[in-house]
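Results of the structural survey
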Amino acid sequence: SMLCHASYAAKNTADLRVSHLVELNKVVRMFKSQFPVITFVKPKSTSAQLLTYADASHGRQDETHAHIGYIIFMHFPDDDVTHTISFASHKAKRVSRSALAAEALAAADAFDSSFFIAKIHPLGNCGIHLVTDSKTLYSLLITTNNPKEKRLKLDIFALREAYERGELEHIS
């Protein structure tokens, strides 16, 4: 609930009115009164997997920039413990002309963050599992078919190469 209020407050910055400022003050008071407590259960096992979910929204046809996002969980399968490690949701910096291009941008961004986390984590190399809801992107990644867009090819080839090297353990 607090994240929803913060997201709403961040979206309404272009055309501020007094009513918006009243709502913002309510959100600030709510944050000050409700101190959130997050507890992490310490896992006993040392084997971990990074579960990475990537998604994109291409938007309307007059918009060329998609909205992309991902969330990364660290899962300890032996203990059945899962922690949220990282998440992001933002407008893509690169132009995407199709929903497939937007999904590929989100997957590439998610993999970059997962790869970085896997390399700096004290447990060593964690397996990265990339999950997407785009069936077309999934089929492009696991087959040798190539997209026609040049920029899209780069993202697909980078993800494919990571999968072939074993840096990306599983795609679904």
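Quick notes on the rules
- Residues numbered from 1 in each chain as written.
- Predicted model: local features only at pLDDT ≥ 70, side-chain atom pairs only at ≥ 80, totals over all residues.
- Heavy atoms only, no water.
- Helix = DSSP H or I, 4+ residues; strand = E, 2+ residues; numbered from the N terminus.
- Contact = heavy atoms within 4.5 Å.
- Expected span 1.5 Å × (residues − 1).
- Buried < 20%, exposed > 50% of the residue type's maximum accessible area, 1.4 Å probe, protein only.
- Arc of directions from axis to C-beta.
- Phe/Tyr/Trp six-rings, centres within 6.5 Å; stacked < 30°, edge-to-face > 60°.
- Pairing = 2+ DSSP bridges.
- Axes fitted to C-alpha atoms, helices over the stretch in contact; angles between N-to-C directions.
- Parallel < 35°, antiparallel > 145°, perpendicular 65-115°, else oblique.
- Left-handed = near helix turned anticlockwise from the far one by under 90°.
- Nonpolar A, V, L, I, M, F, W, Y, C, P; charged D, E, K, R; others polar.
- Salt bridge = Lys/Arg side-chain N within 4 Å of Asp/Glu carboxyl O.
- Polar contact = N/O pair within 3.5 Å; in protein donor to acceptor, adjacent residues only side chain to side chain.

Considering the side chain of Ser134
The residue Ser134 is located in the loop between β4 (127-132) and α4 (135-142) in this model. Leaving out residues up to four positions away in the same chain, Ser134 has contacts with Leu100 and Glu103.

Considering helix α2 (residues 18-33)
With 16 residues, α2 extends 23 Å between its outermost C-alpha atoms, agreeing within 8% with the 22 Å of an ideal straight helix rising 1.5 Å per residue. Among the residues of α2, His20, Val27 and Met30 are the ones counted as buried. Projected down its long axis, α2 carries its buried residues within an arc of 80°, all on one side. Residues of α2 that are exposed and angled more than 90 degrees away from the buried face: Val18, Arg29, Lys32 and Ser33.

Focus on the packing of aromatic side chains
Enumeration according to the criterion identifies two aromatic pairs in this entry. Seen from their ring centres, Tyr53 and Phe73 are 5.9 Å apart, and the 75° between their planes marks the pair as edge-to-face. In this pair, Tyr53 is assigned in strand β1 (residues 49-57) and Phe73 in strand β2 (residues 67-76), connecting sequence segments 20 residues apart. Seen in terms of ring centroids, Phe111 and Phe115 are 5.7 Å apart; in terms of plane orientation they differ by 35°. Their pairing is tilted. You can see Phe111 and its partner Phe115 sitting in helix α3 (residues 99-120), four residues apart, about one turn around the helix. When its relative accessible area of 28% is taken as the criterion, Phe115 is described as partly exposed.

Let's talk about the sheet that holds β1
Spatially, β3-β2-β1-β4-β5 is the arrangement adopted by the five strands of the open sheet, whose pairing is mixed. In this open sheet, the two edge strands, each paired with only one partner strand, are β3 (81-91) and β5 (170-171).

So, the packing of α4 against helix α5 (residues 150-165)
Interhelical geometry of α4 versus α5 gives an angle of 60° and a closest axis separation of 9 Å. One element, α4, and the other, α5, form an angle in the oblique class. Both α4 and α5 take part in a crossing whose hand is right-handed. Along its contact with α4, which presents Leu137, Leu140 and Leu141, the element α5 presents Ile156, Leu159 and Arg160. Along the lines of polarity and charge, the residues of the contact of α4 with α5 split into five nonpolar, no polar and one charged.

So, the pattern of salt bridges
A full pass over the atoms with the stated rule returns one salt bridge. We note a salt bridge from Glu161 to Arg165, for which the minimum N-O separation is 2.6 Å. Pair noted here: Glu161 and Arg165 are both in helix α5, with a separation of four residues, about one helical turn. Residue classification places Glu161 among the partly exposed positions, given a relative accessible area of 39%.

Focus on the packing of α3 against α5
Interhelical geometry of α3 versus α5 gives an angle of 40° and a closest axis separation of 9 Å. When the axes of α3 and α5 are compared, the pair comes out oblique. Viewed along their axes, α3 and α5 form a crossing whose handedness is left-handed. Residues Leu100, Ala101, Ala104, Leu105, Ala107, Ala108 and Phe111 of α3 pack against Leu152, Asp155, Ile156, Leu159 and Ala162 of α5.

Some remarks on the side chain of Thr132
Along the chain, Thr132 turns up in strand β4. Classification of Thr132 as buried rests on a relative accessible area of 13%. At 3.3 Å, the side chain of Thr132 and the backbone nitrogen of Ser134 are in polar contact. Excluding its chain neighbours within four sequence positions, the residues that come into contact with Thr132 are Ala54, Glu103, Leu137 and Ser172.

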